[in-house]
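Fold and geometry: a report
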Amino acid sequence: MTLNEPEHIRMIRETVRRFVDQEMTRRKAYEWDRDNHFPRDVFGKLAETGMMAVTIPEEFGGSGRDILATMAVIEELGRRSLAVAVPYIMSTCYAGMNLVECGSEEQKLEYLPKVAKGELMFAYGWTEPDVGADLASVKSTAKRVGDKIIVNGTKRFCSGAGIADYIYALVRTGPADERYRNLSIVLIPPNTPGVDIDFLDCMGMKGAATTDVSFSDVEIPIANVIGGADGWNRGWEFIVGSGLDVEKLEVAALSLGIAVGAVEDAWAYVQERQQFGRRILEHQSIRHMLADMQTSLHACRLVMAQAASLAQAGERCSIETSMAKLFICEAAKKIVLDCQTIHGAYGYEKEFGIERYVRDVLLMPIIGGSSAIQRNNIVNWMGLPKA
Ligand SMILES: Cc1cc2nc3c(=O)[nH]c(=O)nc-3n(C[C@H](O)[C@H](O)[C@H](O)COP(=O)(O)OP(=O)(O)OC[C@H]3O[C@@H](n4cnc5c(N)ncnc54)[C@H](O)[C@@H]3O)c2cc1C
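Residues numbered from 1 in each chain as written. Predicted model: local features only at pLDDT ≥ 70, side-chain atom pairs only at ≥ 80, totals over all residues.

1. Here we look at the site of the ligand
- Lining the immediate surroundings of the ligand are 20 residues, of which Trp126, Gly132, Ala133, Ser159 and Ser370 lie closest.
- For the shell around the ligand, the secondary-structure elements that each account for two or more residues are β1 (122-125), β3 (148-159) and α12 (371-381).
- Grouping the constituent residues of the shell around the ligand by class yields 13 nonpolar, 7 polar and no charged. (Near = placed C-beta within 6 Å. Helix = DSSP H or I, 4+ residues; strand = E, 2+ residues; numbered from the N terminus. Nonpolar A, V, L, I, M, F, W, Y, C, P; charged D, E, K, R; others polar.)

Below is the structure:
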């Protein structure tokens, strides 16, 4: 199927596909998942292709902020392994896009050239033991003491804290009754005294291992407040800005990549597997499943392209990006489970990639704002009176 994508996006896809075939083989993807391993060497080689620069303006060493390109790279990496695709997001989006949007001039000058070279990764420290969808209720605190900040609290499900340069932590910086106003985002190096990391045993998304992180009187400079000293108490404003729209697309692009990979595998498998003396592709039920999957994939690509184009143009797109997150993550889940059905017993066996795709895709409707939260947002923003 063609999408009439711009020529430069087609070229980016070809480059990343070649890279994936050479450096991210199926065997390696299996091993990274099995060992919960982040392949830093492969990530370094990816940086050499220039793909880290696509979120960074040229004046900071990038190739210009290009959301369609970013989503294409995430999708192509996600097609093979989240052990590279998620760290890619941690670098280009969590560090790159957020700093472009919310960083002070000093922070942009210091950090963005590093992102463009693949030398900087942030882990998101938003969720807490008692804080899931309701992010404005975070309990971790930061206090200003002279030119220092003292952080205390606990973050849960902080993916990639063990490989990141900084934890991009949402903290309360004033009384909790002013819930949206007294929040800030601070950068905490994971090796700072008082930071403790415990690894969680999650079902999928291996590579950028998911962790619990506790902060006990962690001291960081005031320069580590996102937005500089002026960013104090502006954390909520930063979180719900246009970065949130792009973040929804990042998870959707991962889901799309996983679904594309699964369909490619199923497409090949039906041509190889023989039962009752004929290839299983000859069963109409199998053919129809594949037709439905290809149709869903095509719809996902169109929804993604439209939402990403709006975000790239700087237009309002909160509804479209929520629809894209909801639609693509749920469609990808169904597609991948159907691919598993087609693989029969081999869809349940670990050395076949499909088992990993299933574990990974099940996460997508949960993170980055669950499907229920996207549904709430869509009807609320489209003006349906609140229940
Ligand atoms: C593998 C993994 C990696 C993760 N990585 C990170 C990370 O790097 N950084 C980070 O900060 N967090 C991360 N998370 C956390 C993730 O973002 C949270 O799971 C998410 O914020 C939702 O929180 P919760 O799961 O606690 O669900 P809750 O908010 O407790 O919700 C529970 C259920 O209730 C539903 N629900 C909640 N509120 C509403 C509502 N208003 N209307 C309708 N339904 C509602 C939800 O949809 C869900 O089904 C990760 C989680 C996992 C599993």
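2. A look at helix α9 (residues 284-312)
- Taking 1.5 Å of rise per residue, the 29 residues of α9 would be expected to cover 42 Å, and the 42 Å separating its terminal C-alpha atoms lies within 8% of that figure.
- For α9, every residue scored as buried is listed here: Met293, Ser296, Leu297, Cys300, Val303, Met304, Ala307, Ala308 and Ala311.
- Elements that come into contact with the buried residues of α9 comprise α4 (67-78), α8 (242-272) and α10 (318-343).
- Gly314, located one to two residues past α9, shows a positive phi value of around 75 degrees. (Expected span 1.5 Å × (residues − 1). Buried ≥ 20, exposed ≤ 12 C-beta atoms within 10 Å, placed from the backbone. Contact = placed C-beta atoms within 7 Å.)

3. Thoughts on the packing of α4 against α9
- Interaxial distance between α4 and α9 falls to 8 Å at its minimum, and their mutual angle equals 140 degrees. Taken together, α4 and α9 sit at an angle that is classed as oblique. Residues Ile67, Leu68 and Met71 of α4 form the contact with α9, whose own contacting residues are Met304, Ala308, Ser309, Ala311 and Gln312.
- For the contact of α4 with α9, a count of residues per class yields 6 nonpolar, 2 polar and no charged. (Axes fitted to C-alpha atoms, helices over the stretch in contact; angles between N-to-C directions. Parallel < 35°, antiparallel > 145°, perpendicular 65-115°, else oblique.)

4. Overview of unusual backbone geometry
- With a phi angle near 50 degrees, Asn36 is a residue other than glycine that sits in the positive phi range.
- Mapping Asn36 onto the fold places it in the loop between α2 (26-35) and α3 (40-48).
- You will see that Asp217, though not glycine, has its phi angle at about 50 degrees, which is positive.
- Along the polypeptide, Asp217 turns up in strand β7 (residues 210-221).
- Residue class for Asp217 comes out exposed when judged on the 9 C-beta atoms lying within 10 Å of it.

5. Section: the environment of Leu310
- By secondary structure assignment, the location of Leu310 is in helix α9.
- For Leu310, a count of 19 C-beta atoms within 10 Å puts it in the partly exposed group.
- Expressed as a C-alpha distance, the spacing of Leu310 and Glu320, which sit 10 residues apart in the sequence, is 8.5 Å.
- When neighbours within four sequence positions are excluded, Leu310 is seen to be in contact with Glu315, Cys317 and Glu320.

6. Some remarks on the pairing of strand β5 (residues 183-188)
- Counting buried positions along β5 yields 6 of 6 residues, so the element is predominantly enclosed.
- Along β5, one buried face is formed by Leu183, Ile185 and Leu187 and the opposite face, lined by Ser184, Val186 and Ile188, is buried too.
- Sheet topology note: the strand β4 (residues 166-172)/β5 ladder contains 6 bridges and is antiparallel. Within the sheet, the bridge partner assigned to Tyr168 lies in β5 and is Leu187. (Pairing = 2+ DSSP bridges.)

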